[in-house]
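The residues making up each chain are set out below.
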Amino acid sequence: MTNRRLASEQGYSLIEIVVVLVIVAIMATFAILALGSSTQNLGRQNITKEFKVALERARFDSIRRHASVCSEMSRVEITSPTSFDIITDVNQNGNIDAGDTRTVDFGSRSLVEMVFDPAPTFPVTIRFDQRGNATSGTCAAIAPVGDPTVFCELPCTAATANAVNSNIVFVSPTGTAAMLAGGEIIPSFSDPTTSNIDSASQINPLLAIWDLVTSSPSPSPSGSPTATPTATPTPTPTPTPTPTPTPTPTVTPTVTPTVTPTATPVTPTPTATPVYCISGQRPAVDNCICSPLQYQQANGRCRNL
């Protein structure tokens, strides 16, 4: 009887319950901290990727439009630690206009800033030419691209940026944009080795430039019969008869009138006018000939050139 009563009264003590609750609270705290850190890292990486994509769009737009004038080059301008402008040919008219600027401001949605060492003079411009090469500075004083852009979670400085709290966007002189983790070594690129070749010499003697000349083929007309003109007879003039003088008696002089002979006109034979065929007629059937502006097909019909 006593054993049954003790078995029914068994349970957890207050100390055991408190220990379990403390362990659960500690684990929940670590989980929340990890989740918050992941959310901040994801937000920072999204902002960094958005800046990288803006650089790639500006480079592609300059190459597409063959932008050779500094003011017409597509570019990205960093206007503050939390905002930048994308200037491209938005309306697709081939030029950079006043309405072709799009501003991205991420200061109100995150604790991420762009940090610089030393602090720059805004705006910081990264532009691309017709070949995709990147330059910086103003159009009056063009300079090579500067230091990489560091996106860091606050509180942060250029000295405290590392792989945990920051990301880097690096732009090479040829315009290639790369996204790196904070603290990574920035790659360096040397100028490529080039050789000068005389323009009059051939690099490859087996290479030739072929100019494709296209022209609409003209149909070759078949032999068209030429109308034989009828010779117009030349009228033969009738000789004028010489009047015979009448002897005049000596006693009574008589004046003999001069007789003017009348030439008989010869009526010329009319020239036969050739009858030309209409397109589609047969000379052998319709009693006509193909005109000089027509050609005769194999089926005997006349066709216009």
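Residues numbered from 1 in each chain as written. Predicted model: local features only at pLDDT ≥ 70, side-chain atom pairs only at ≥ 80, totals over all residues. Heavy atoms only, no water.

Colleague: What is the right way to look at the side chain of Ser80 in this model?
Modeller: Positionally, Ser80 belongs in strand β1 (residues 75-80). Of note is the side chain of Ser80, whose polar atom sits 2.6 Å from the side chain of Ser83. With residues up to four places along the chain from it excluded, the contact list for Ser80 reads Met114 and Phe122. (Helix = DSSP H or I, 4+ residues; strand = E, 2+ residues; numbered from the N terminus. Polar contact = N/O pair within 3.5 Å; in protein donor to acceptor, adjacent residues only side chain to side chain. Contact = heavy atoms within 4.5 Å.)

Colleague: It is not clear to me how the pairing of strand β2 (residues 83-87) should be interpreted in this structure. Could you clarify?
Modeller: If a strand is regular, its side chains alternate between the two faces of the sheet. The buried fraction of β2 is high, at five of five residues. The alternating pattern of β2 places Ser83, Asp85 and Ile87 on one face and Phe84 and Ile86 on the opposite face, and all of these are buried. If you look at the hairpin formed by β1 and β2, you'll find two residues sitting between the two strands. As defined by bridge partners, β2 adjoins strand β3 (residues 101-105) across five bridges and the pair is classed as antiparallel. Residue pairing in the sheet places Phe84 in a bridge with Val104 of β3. (Buried < 20%, exposed > 50% of the residue type's maximum accessible area, 1.4 Å probe, protein only. Pairing = 2+ DSSP bridges.)

Colleague: Help me out: how do you make sense of the sheet that holds β2 in this one?
Modeller: The strands making up a sheet associate through hydrogen bonds between their backbones, and the pairing can be parallel or antiparallel. Strand order in the open sheet made by the six strands is β3-β2-β1-β5-β6-β7, with antiparallel pairing throughout. Among the strands making up the open sheet, the edge pair consists of β3 and β7 (142-144). In this sheet, neighbouring strand axes are inclined to one another by 30 degrees on average, regardless of whether the strands run parallel or antiparallel. (Axes fitted to C-alpha atoms, helices over the stretch in contact; angles between N-to-C directions.)

Colleague: For this particular structure, what's the right way to read the packing of aromatic side chains?
Modeller: Aromatic rings in a pair are described by how distant their centres are and how their planes are angled relative to each other. Summed over the entire model, instances satisfying the criterion amount to five aromatic pairs. Cluster of aromatic residues (ring-pair linked, three or more members): Phe51, Phe84, Phe106 and Phe151. (Phe/Tyr/Trp six-rings, centres within 6.5 Å; stacked < 30°, edge-to-face > 60°.)

Colleague: Just to check I follow, could you spell out a nonpolar patch on the surface for this structure?
Modeller: Among the surface-exposed residues, Leu14, Val18, Val22, Ile26 and Phe30 lie close enough to one another that they form a single nonpolar patch of about 500 Å² accessible area. In this structure Ile26 comes out as partly exposed when scored by relative accessible area, which is 45%. (Patch = residues over 30% accessible without salt bridge, like charges linked within 9 Å, V, L, I, M, F, W, Y side chains within 5 Å. Areas by Shrake-Rupley, 256 points an atom, 1.4 Å probe, with all protein chains shown as cover. Salt bridge = Lys/Arg side-chain N within 4 Å of Asp/Glu carboxyl O.)

Colleague: Just to check I follow, could you spell out the environment of Tyr276 for this structure?
Modeller: When you line up the elements, Tyr276 lands in the loop between β10 (177-181) and α3 (283-286). A relative accessible area of 43% means that Tyr276 is categorised as partly exposed. It is 9.6 Å that separates the C-alpha atoms of Tyr276 and Gln294, two residues lying 18 residues apart in sequence. In contact with Tyr276, other than residues within four places in its own chain, are Cys288, Ile289, Cys290, Ser291 and Pro292.

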